[in-house]
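The lines below spell out each chain.
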Amino acid sequence: MCRLLAYLGSPVCLESLLYNHEHSLITQSYQPQEMMSGTVNADGFGVGWYHAQKDTEPFTYRSTLPIWNDVNLPSLSRYVESGCVLSYVRSATLGQALDLSNCQPFQRGSLLFIHNGKIDRFRQTLYRPIRSQLSDEIYQWVNGTTDSEHIFALLLNELQSNPGKSLEQAMHITLLKLKELVEHHDTHTLANLVVSDGNRLVASRFSTKPPSASLYWLQNDPTFPNSVIIASEPLFKGNWNSFPENSILSVGEDCDIRIEQI
């Protein structure tokens with residue numbers, strides 16, 4: 001199980017999100033409190049962010065090192081400022097390669113995507129069925145071997161096939177398709193997802209076999225006014241709210257929140 005973090009709001013330094021709290025993402029990498037499997041997140045990490053002033057594709061910084069061993073991230077995080085950030089620390093599923101192509105966030109065009117969870121026995125169950133549903137373009141885009149990237153590919157395929165769909169609609173349909181595939185192939189999935197286009201966050205807490213993995217949101221905390229934070233575990237004491245089971249939460253540009261059941 002990985003730990004994830006997403007932020008949308010007034011521009012902040014990465015350092016304030018990744019480091020400056022008692023249960024920061026750095027701390028969660030070696031001392032998580034709510035993981036359903038595994039004990040540490042030492043199999044790489046990634047941070048993706050959007051430029052605070054320029055309308056350009058997002059940036060990503062990814063590594064196969066444990067996040068606490070990366071000597072560049074502390075300095076980088078003091079100087080990068082963004083109003084939209086997605087980050088995660090990885091605990092690799094048994095059998096998945098420790099490779100940069102398997103590190104999140106995944107990015108295509110203006111979209112960033114992170115996933116905490118798993119498809120049980122992915123290589124034996126849904127690897128080929130998911131790929132068989134993809135267009136040639138999305139099929140060729142997939143670069144790694146994780147269930148996470150393949151779930152993103154399903155989402156991208158939905159957006160490509162139905163360009164009028166919103167991110168919320170595409171995520172809802174993707175999760176229903178995933179549920180159908182899981183049931184047909186006698187497996188199960190945990191799918192806490194976050195996708196962003198830089199202007200909004202859309203996140204899910206989803207499982208085909210409860211309980212779902214932990215996921216929280218925090219709005220307009222005094223430490224981060226005019227913002228919403230989504231995290232696998234609270235970063236600090238505050239008015240954190242647990243996502244309802246099997247729900248999608250969307251955050252707009254003015255940090256308004258909408259929640260719908262799947």
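Before reading further, recall that the structure is shown in the block above.
Residues numbered from 1 in each chain as written. Predicted model: local features only at pLDDT ≥ 70, side-chain atom pairs only at ≥ 80, totals over all residues. Heavy atoms only, no water.

Participant: Account for the overall build of the chain, with residues named and values stated.
Facilitator: Helix and strand counts for the chain stand at 8 helices and 13 strands. Relative to its length of 262 residues, the chain is compact, with a C-alpha radius of gyration of 17 Å against a globular reference of 18 Å. For the chain, the spread of C-alpha atoms along the principal axes amounts to about 45 × 40 × 35 Å. Taken over 262 residues, the chain has a buried fraction of 55%. Intrachain contacts of the chain at a sequence separation of at least 6 include 65% that bridge at least 24 residues. Counting only carbon and sulfur atoms, one obtains 46% of the accessible surface of the chain, whose full area is about 11200 Å². (Helix = DSSP H or I, 4+ residues; strand = E, 2+ residues; numbered from the N terminus. Rg over C-alpha atoms; globule rule 2.2 N^0.38 Å. Buried < 20%, exposed > 50% of the residue type's maximum accessible area, 1.4 Å probe, protein only. Contact = heavy atoms within 4.5 Å. Areas by Shrake-Rupley, 256 points an atom, 1.4 Å probe, with all protein chains shown as cover.)

Participant: Describe the environment of Met 35, listing the residues and the values that go with them.
Facilitator: Among the structural elements, Met 35 can be located in the loop between helix 2 (25-30) and strand 2 (45-49). Here the alpha-carbon distance between Met 35 and Ala 153, two residues 118 residues apart in the chain, equals 25 Å. Once residues lying within four places of it in the same chain are set aside, the contact partners of Met 35 are Met 1, Arg 3, Val 40, Asn 41, Ser 91 and Glu 233.

Participant: An account of the sheet that holds strand 2 is needed here, citing residue identities and associated values.
Facilitator: One open sheet accounts for 7 strands, arranged 3-2-4-1-10-9-11; its pairing is antiparallel. The two strands at the open ends of the sheet, each matched to only one other strand, are strand 3 (59-63) and strand 11 (241-242). Note that strand 1 (residues 3-13) and strand 10 (residues 224-231) share 5 bridges and pair antiparallel. Paired with Tyr 7 across the two strands is Ile 229, which belongs to strand 10. (Pairing = 2+ DSSP bridges.)

Participant: Please provide a residue-by-residue account of the sheet that holds strand 8 (residues 201-205), values included.
Facilitator: Pairing is antiparallel across the open sheet formed by 6 strands, whose spatial order is 5-6-7-8-12-13. The open sheet terminates on both sides in strands that have one partner only, identified here as strand 5 (106-108) and strand 13 (257-261). Averaged over all pairs of adjacent strands, the angle between their axes in this sheet comes to 20 degrees, without regard to strand direction. Where strand 8 and strand 12 (residues 247-251) come together, 5 bridges link them in antiparallel fashion. Counterpart to Val 202 in the pairing with strand 12 is Ser 250. Running at roughly 130 degrees to strand 6 (residues 111-119), helix 7 (residues 147-161) makes contact with strand 5, strand 6 and strand 7 (189-196) of the sheet. (Axes fitted to C-alpha atoms, helices over the stretch in contact; angles between N-to-C directions.)

Participant: Any details on the environment of Glu 180? Residues and values, ideally.
Facilitator: Residue placement: Glu 180 occurs in helix 8 (residues 167-184). In the structure, Glu 180 is positioned 28 residues away from Thr 208 in sequence and 9.8 Å away in space, judged by C-alpha atoms.

Participant: Just give me the short version of unusual backbone geometry, but keep the residues and values in it.
Facilitator: Cis peptide bonds are those with omega within 30 degrees of zero, and the linkage from Gln 104 to Pro 105 qualifies with 5 degrees. For Pro 105, the location among the structural elements is in the loop between strand 4 (81-89) and strand 5. The phi dihedral of Asp 186 is positive, around 55 degrees, even though this residue is not glycine. Within the secondary structure layout, Asp 186 lies in the loop between helix 8 and strand 7. Under the relative-accessibility criterion, Asp 186 is labelled exposed at 64%.

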